[in-house]
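What the coordinates show
Below, each chain spelled out in residue letters.
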Amino acid sequence: VGRRPELKIPPDAVLCTICGSDPSVQRMLVDQFLREVAPGEGAEFDVVELDARESRPQEALSAALEVPFFAKRKVVVVKDAQHWQGKEVRRLAQSLHSTKPKATVILLCGEKRKVPGAREPVIFDPETDSILSQVGKVLDLRSPTVTQAQSWARRYAKAVSYTHLT
């Protein structure tokens, strides 16, 4: 029997970055967050999904600052956010921190990578990663506790896709 992962997006987070190579685990964490923030069937949140290859950080910020449509809160999910420039992501994080919108921006990124001059692998660059961890939460799916989460998420994804077929 798989255990629920210890990883989770804090319910009051303004910004959360999830880095890892398994999109099913990333999606499972987002779905878990949405269920916890808005339990039941009511439209408690307004979800906006963006693809970083087709949008800019300013669009994510604008979406987060808009008043939620028939909802109490807005959630902006950005897929492949690692394609954005570090300085743009820093501006996004700093703006979210200073404005404190009724929104959560979730950046879904690939695995951390090694860059010249950095002691540890990073998502964007050392300065941007530092700001991301100060302003919000950074979940690294390569941490040792996540391997259980990955197996649980794969089973969860199969179960969800199975229930959609029936």
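Refer to the preceding data block for the structure.
We now turn to the structure provided with this report.

Criteria and thresholds
Residues numbered from 1 in each chain as written. Predicted model: local features only at pLDDT ≥ 70, side-chain atom pairs only at ≥ 80, totals over all residues. Heavy atoms only, no water. Helix = DSSP H or I, 4+ residues; strand = E, 2+ residues; numbered from the N terminus. Buried < 20%, exposed > 50% of the residue type's maximum accessible area, 1.4 Å probe, protein only. Areas by Shrake-Rupley, 256 points an atom, 1.4 Å probe, with all protein chains shown as cover. Pairing = 2+ DSSP bridges. Axes fitted to C-alpha atoms, helices over the stretch in contact; angles between N-to-C directions. Parallel < 35°, antiparallel > 145°, perpendicular 65-115°, else oblique. Left-handed = near helix turned anticlockwise from the far one by under 90°. Contact = heavy atoms within 4.5 Å. Salt bridge = Lys/Arg side-chain N within 4 Å of Asp/Glu carboxyl O. Core = buried A, V, L, I, M, F, W, Y, C linked by side-chain atoms within 4.5 Å.

Notes on the overall build of the protein
Scanning the protein for helices and strands turns up five helices and five strands. Listing every helix and strand of the protein by position from the N terminus yields β-α-β-α-β-α-β-α-β-α. Evaluated residue by residue, the protein yields a buried proportion of 45% over its 166 residues. Surface exposure of the protein reaches about 9,500 Å², of which carbon and sulfur atoms provide 52%.

Some details on the sheet that holds strand β4 (residues 103–109)
The strand order across the open sheet formed by five strands is β2-β3-β4-β1-β5, and the pairing between neighbours is parallel. One side of each edge strand has no neighbouring strand; the edge strands of this open sheet are β2 (45–51) and β5 (137–140). Sheet twist, expressed as the mean angle between neighbouring strand axes with direction ignored, is 15°. Here seven bridges tie β2 to strand β3 (residues 73–79), and the two strands are oriented parallel to one another. Across the sheet, L50 pairs through a bridge with V78, a residue of β3.

Some points on the packing of helix α3 (residues 86–99) against helix α4 (residues 126–135)
Across the interface, α3 lies against α4 with an axial gap of 9 Å and an inter-helix angle of 20°. Relative to α4, the element α3 is oriented roughly parallel. The chirality of how α3 crosses α4 is left-handed. In this structure, α3 contributes G86, K87, V89, R90, A93, Q94 and H97 to the contact, and α4 contributes E127, T128, I131, L132 and V135.

A word on unusual backbone geometry
Negative phi characterises most residues that are not glycine, and trans characterises most peptide bonds. Within the chain, D80 stands out as a residue other than glycine whose phi angle is a positive 60°. With respect to the helices, strands and loops of the structure, D80 is situated in the loop between β3 and α3. Even without being a glycine, K100 presents a positive backbone phi close to 45°.

A few points about the pattern of salt bridges
Taken as a whole and judged by the stated rule, the model has ten salt bridges. A cluster of three or more residues bridged by salt bridges with shared partners is formed by R27, D31 and E49.

Comments concerning the nonpolar core
Membership of the largest hydrophobic core comes to 26 residues, with the highest contact counts inside it found for L15, V76, V78, W84, L96 and L107. The set of elements that each furnish at least two residues to this core consists of β1 (15–19), α2 (57–65), β3, α3, β4 and α4. Residues within four places of W84 in sequence aside, it is in contact with A52, S55, R56, P57, A60, V78, V89, L92, L107 and F124.

None of the figures reported here should be taken as evidence of function without further support.
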